[in-house]
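# Architecture and fold: a report
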Amino acid sequence: MIKAKKSLGQNFLIDRNILKIISEVTSIKDKIVLEIGPGTGNLTSFILKKKPKQFIVIEKDNDLASNIAEIFKDQLKIINEDVLNIDENSLSTEKITVFGNLPYNISTEILSRWIINLKNDFWFDRLVLMFQKEVADRIIANFNSSYYGRLTILSNWKLNIEKICDIKPDSFSPKPKIDSSLLVFSPKENFFRINDPKNLEKITRVFFNHRRKMIKKPYNQLFNGNQKVLEKLKINLNLRPQNLNFETYYKLTNEFENLGD
Ligand code: SAM
């Protein structure tokens, strides 16, 4: 009998309708598939039915990793590791389709790391990921809304994002206290060029540090009051951080990188 560990965010999906929806959200026949945190293997079984060419799973929990090794034998390549210690760019030479009912405590960290580490050539063709609904709402928010923020701007930089459905606590065992949402991410063909994504992180961190205040102070802190950038990007310093659209943040990062040229 497997006892769920709270510290590893273990809420196992048991709703067969939802498992079916997730496994059918994108075609994976003859593709390389990666599942983050297969847990007791519920989603794993559904994915296997779709006949991927290779199926890699990353599971941190030693007990669960040996359990699925026993259940699925040589159908899986099991990496018994913390996903945050894995170099995702070196997993395969082919593009990977990724699935994950992510452990909630590290879901934003995983997504942010993957985006920041992205090379020009994407290592995945789709990310099919489940988040707590409140985090998903932040990822898909629009500007001028209260959910819009750093995670929205980073996620939408290089990725198209589609929300598939919300999932109620009843679909899991043990039941979490919150609703979840399923999102699908695919690479954008055209995205704004930024030299170092850490600069985008920095700009958004400083701007959203006081989200109710005008952007005058963070702007002056980062750009030393530079008027030319303000005029070029038509930025009004009396606005609040959530009033600047995505592109303005990407352009601001670009200008920040060119300061002093
Ligand atoms: N995919 C399964 C399902 O849907 O039933 C389990 C999902 S459960 C929310 C999260 C899974 O991620 C657990 O199996 C947990 O042990 C694993 N996990 C937690 N932290 C992890 C980490 N840092 N690296 C890899 N796996 C992790």
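Residues numbered from 1 in each chain as written. Predicted model: local features only at pLDDT ≥ 70, side-chain atom pairs only at ≥ 80, totals over all residues. Heavy atoms only, no water.

## Points about the overall build of the chain
The secondary structure content of the chain amounts to 10 helices and nine strands. A compact globule built from 261 residues should have a C-alpha radius of gyration of about 18 Å, and the chain, at 20 Å, falls within 12% of that. Dimensions of the chain along its principal axes, counting C-alpha atoms only, are 65 × 40 × 30 Å. Evaluated residue by residue, the chain yields a buried proportion of 50% over its 261 residues. (Helix = DSSP H or I, 4+ residues; strand = E, 2+ residues; numbered from the N terminus. Rg over C-alpha atoms; globule rule 2.2 N^0.38 Å. Buried < 20%, exposed > 50% of the residue type's maximum accessible area, 1.4 Å probe, protein only.)

## Some remarks on the environment of Ile194
On the secondary structure map, Ile194 appears in the loop between strand E9 (180-187) and helix H7 (197-207). Residue Ile194 is classed as buried on the basis of its relative accessible area of 10%. Spatially, the C-alpha atoms of Ile194 and Glu257 are 8.2 Å apart, while their sequence positions differ by 63 residues. Those residues in contact with Ile194 that lie beyond four places of it in its chain are Trp157, Leu200, Tyr250, Thr253 and Glu257. (Contact = heavy atoms within 4.5 Å.)

## Focus: the pairing of E9
Of all eight residues in E9, seven are buried, a share of seventy percent or more. The pairing of strand E6 (residues 124-132) with E9 spans six bridges and is classified as antiparallel. Within E9, the position partnered with Phe131 by the bridge is Ser181. Bridge analysis of strand E7 (residues 159-167) against E9 gives eight bridges, and the strand direction is antiparallel. Across the sheet, residue Glu162 finds its bridge partner in E9, namely Val184. (Pairing = 2+ DSSP bridges.)

## Brief notes about the site of the ligand
The ligand sits among 21 residues. The nearest are Gln10, Leu13, Gly37, Glu59 and Asn101. At 2.9 Å, a backbone N or O of Leu13 approaches an oxygen atom of the ligand. At 2.8 Å from an oxygen atom of the ligand is found a side-chain nitrogen or oxygen belonging to Asn101. Starting from 590 Å² of accessible surface for the ligand in isolation, the protein chains cover 98%. (Near = heavy atom within 4 Å. Polar contact = N/O pair within 3.5 Å; in protein donor to acceptor, adjacent residues only side chain to side chain. Areas by Shrake-Rupley, 256 points an atom, 1.4 Å probe, with all protein chains shown as cover.)

## Some words on unusual backbone geometry
A cis amide bond, omega -10°, links Ser173 with the succeeding residue Pro174. Along the chain, the position of Pro174 falls in the loop between strand E8 (172-173) and E9. Within the chain, Asn144 stands out as a residue other than glycine whose phi angle is a positive 75°. With respect to the helices and strands, Asn144 occurs in the loop between helix H5 (133-139) and helix H6 (150-158).

By themselves these figures say nothing about function.
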